[in-house]
Protein chains: 2
Amino acid sequence: MKKNKQATIVDVASEAGVSIATVSNVINRRKVPMSPETIRKVEEAVVRLGYRRNVMATNLSRRRSNELGLILPHFGGYYGRFAEKLEQRFHSYGYHLSVFSAAGMDPEVETRHIEHLLQRRVDGLVSHGLAISMHSTQQLVGEGTPLVIFNGWGWPNEITKLTVNLDFAKASRQAVKYFLSHGCQAVFYAGRRKGMGANEQRIEGFLTGLGERAETIVHALLDAGELGVAGALEEALRVSGELRPIGIYTFNDALALELIAECHARGIRVPEEVQLIGMDNEHFAKASIPSITSFEMPVELQTRLVAAFLMRQMGEDVDEESAMLLDSYLAQMKGHELLIDMEMVVRKSTHNE
Amino acid sequence: MKKNKQATIVDVASEAGVSIATVSNVINRRKVPMSPETIRKVEEAVVRLGYRRNVMATNLSRRRSNELGLILPHFGGYYGRFAEKLEQRFHSYGYHLSVFSAAGMDPEVETRHIEHLLQRRVDGLVSHGLAISMHSTQQLVGEGTPLVIFNGWGWPNEITKLTVNLDFAKASRQAVKYFLSHGCQAVFYAGRRKGMGANEQRIEGFLTGLGERAETIVHALLDAGELGVAGALEEALRVSGELRPIGIYTFNDALALELIAECHARGIRVPEEVQLIGMDNEHFAKASIPSITSFEMPVELQTRLVAAFLMRQMGEDVDEESAMLLDSYLAQMKGHELLIDMEMVVRKSTHNE
DNA sequence: CTGTTAGCGCCTTCAC
DNA sequence: GTGAAGGCGCTAACAG
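Now for a look at the structure at hand. (Residues numbered from 1 in each chain as written. Chains lettered and ligands numbered in written order. Predicted model: local features only at pLDDT ≥ 70, side-chain atom pairs only at ≥ 80, totals over all residues. Heavy atoms only, no water.)

1. Concerning the environment of Thr163(A)
Residue and element names in this part refer to chain A.
Piece 1. Within the secondary structure layout, Thr163 lies in strand β5 (residues 163-166).
Piece 2. For the pair formed by Thr163 and His336, sequence separation is 173 residues and the distance between their alpha carbons is 6.3 Å.
Piece 3. Residues in contact with Thr163, not counting those within four places in the same chain, are Ile149, Gly152, His336, Glu337 and Leu338. (Helix = DSSP H or I, 4+ residues; strand = E, 2+ residues; numbered from the N terminus. Contact = heavy atoms within 4.5 Å.)

This is how it looks when you write it as structure tokens:
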């Protein structure tokens, strides 16, 4: 037996007794007038042969792929949800989305994925904007492929017309102000150096949030990556001396959770002595003990804006709702950065009643 | 200006002053002897023109894509790590992996992804085996594409030669036995109906783990999906009456964490009154209070076996280590199911000292 | 060593 | 309505 190769359009044509052009017309539901009889014959032949169109041939011929690519720092948490939402949105616009993880921001892996996507001639690309990827991305994408960045800072205008960012700085200001207005005698930011851009944004917000209080209130930046979680807590306690309670704003919920564990191990009460605010509003933030005050990530909104803008860049239409949303955000944009607010979810790690 | 289209192999050829065949040979580092001079000229032309091969054309011509597809129930946690590891492994075998999420096991989304992968003529497919996907998968894949399933139960041999499963049943037996040998007076399994196959496996293991003790010890199956977390806990307490401590084995760490929160809210001490064992060994299992006893998912091993088997099915060679590993597992296989052990990580939710 | 020439599977005018 | 033919970008013999 010879290997049963996939049926081609030619097979379908001869099976149905028509020409390949006709088959193509039927398959693509073109508006050219065809007899219902012809259509039926073709459709039957398709089923009978188990025909499945070869998109490589289609794309090659059409000179467009109808495919989009997404590069994430990793799957998991917020990013995983982001990917699923975005896929769904693009699907509604008639595009297919392939998702890739840089596997913990490994530049090599990331470059490999982008290169492959480009070789596959994707019609557009969306990428996170963290870490070093900037330079390589610039190189790779060149003048050709439409690209939109999300959660990226410091990207020159030449590369992207728009960056869709969560407003970490604002959230951080909000966190600090919350601490200050809820009796905290000293405030800290605990981050991880590897956070890069996103980390910087938080720090900036943290400092500006202090405002003029910066001169009078005890505060410090803690690097949990360098000091370790225990080290960071110790440092905070050392700096704050007898002052209580203190407030610690963390890079994310995971770090907040670890700090809670550390406090618990030392018999330090949360929130009576140490108040904590995290970021990401992960599933466990709600169930931890105490539950963690955090910021909700507006995935729906962000993916909507990202998708709408990419479509526009590609000259495609989008649903009216997204279009209006995008316009209203673009109107109040500063520079080429579009900022999205996050909502604080207050829980037990910052108050008790 | 006309749009600067991507340079093609023809452009490179004329730029370098050679024929397209030569360019192709250089690009693909074929073993045909060529003068270093020619090679240099071609390579220079490539960079000068920013040439990037069109994989659609390449694949069409080669009649193979060198691409593989992976279908996941969702990104996040274990599955996200699985995807990253698998990608890396396939890469080392010279294949590219595209990952798709069924977005919470939505059958429509799943079908769409598989169909698209097939239309792209991937050389092979690996898919989780949960939920209803079975039937549609069978339809779709037909006789053609090599397929390996992981974490799937009840798949007929006609579809898959092999299913690579984590041994949830065994882990569950182990959990029960741990409870029994550590003083638990009553034991429970708390799952979620939606767990499907994976849920069934746990239940089976839970029951067989009881063995002959099933007749003498108080036990029950709890459906946290139906009863809610609070309801499940109440039910366990009701059934066990005055007996303490009781042991609750949960579908995953997330559920265990929620139960801990629920216990805490009611002033029930963990592990003194209620012992808990979770599954997945998620990041937060270590940092929660108390930390959660759980089972580590052997992603490295599982991806290795999956990759090796798919490669073999496709007639490709794999590294010796993986080959030997696969052979040893195949040797002790029952049916067409290959089982992987998980390791229990004991933490504070089951003991205190 | 290098160039020529068929395809790969499908789309897309342009006649009939 | 339907069919014939050229082309998309690249590979793979096969000559030279």
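Let's pick the thread back up.
2. Considerations on the pairing of strand β1 (residues 67-72) of chain A
Residues and elements named next belong to chain A.
Piece 1. Counting buried positions over the six residues of β1 gives six, a clear majority of the element.
Piece 2. Where burial is concerned, the two faces of β1 agree: the one with Glu67, Gly69 and Ile71 and the one with Leu68, Leu70 and Leu72 are both buried.
Piece 3. Sheet analysis places β1 next to strand β2 (residues 96-101), joined by six bridges and oriented parallel. Paired with Ile71 across the strands is Phe100, a residue of β2.
Piece 4. Remark: the β1/helix α5 (residues 77-92)/β2 crossover connection has right-handed handedness. (Buried < 20%, exposed > 50% of the residue type's maximum accessible area, 1.4 Å probe, protein only. Pairing = 2+ DSSP bridges. Right-handed = clockwise from strand over helix to strand, strands pointing away.)

3. Description of the protein's contact with DNA strand C
Piece 1. Surrounding DNA strand C, one finds 27 residues, the nearest of these being Ile9(A), Tyr51(A), Ser61(A), Ser19(B) and Thr38(B).
Piece 2. The share of sugar and phosphate among atoms of DNA strand C within 4 Å of the protein is 76%.
Piece 3. Between DNA strand C and Arg30(A), the relevant distance is 2.9 Å, taken from a phosphate oxygen to a side-chain nitrogen or oxygen of the residue.
Piece 4. In this structure, Ser61(B) approaches DNA strand C through a side-chain N or O atom, which is 3.1 Å from a base nitrogen.
Piece 5. When contributions to the surface near DNA strand C are tallied by element, the ones reaching two or more residues are α2 (20-27) and α4 (55-62) of chain A together with α2 (20-27) and α4 (55-62) of chain B.
Piece 6. A per-element tally of the surface near DNA strand C places α4(A) first, with four residues. (Near = heavy atom within 4 Å. Polar contact = N/O pair within 3.5 Å; in protein donor to acceptor, adjacent residues only side chain to side chain.)

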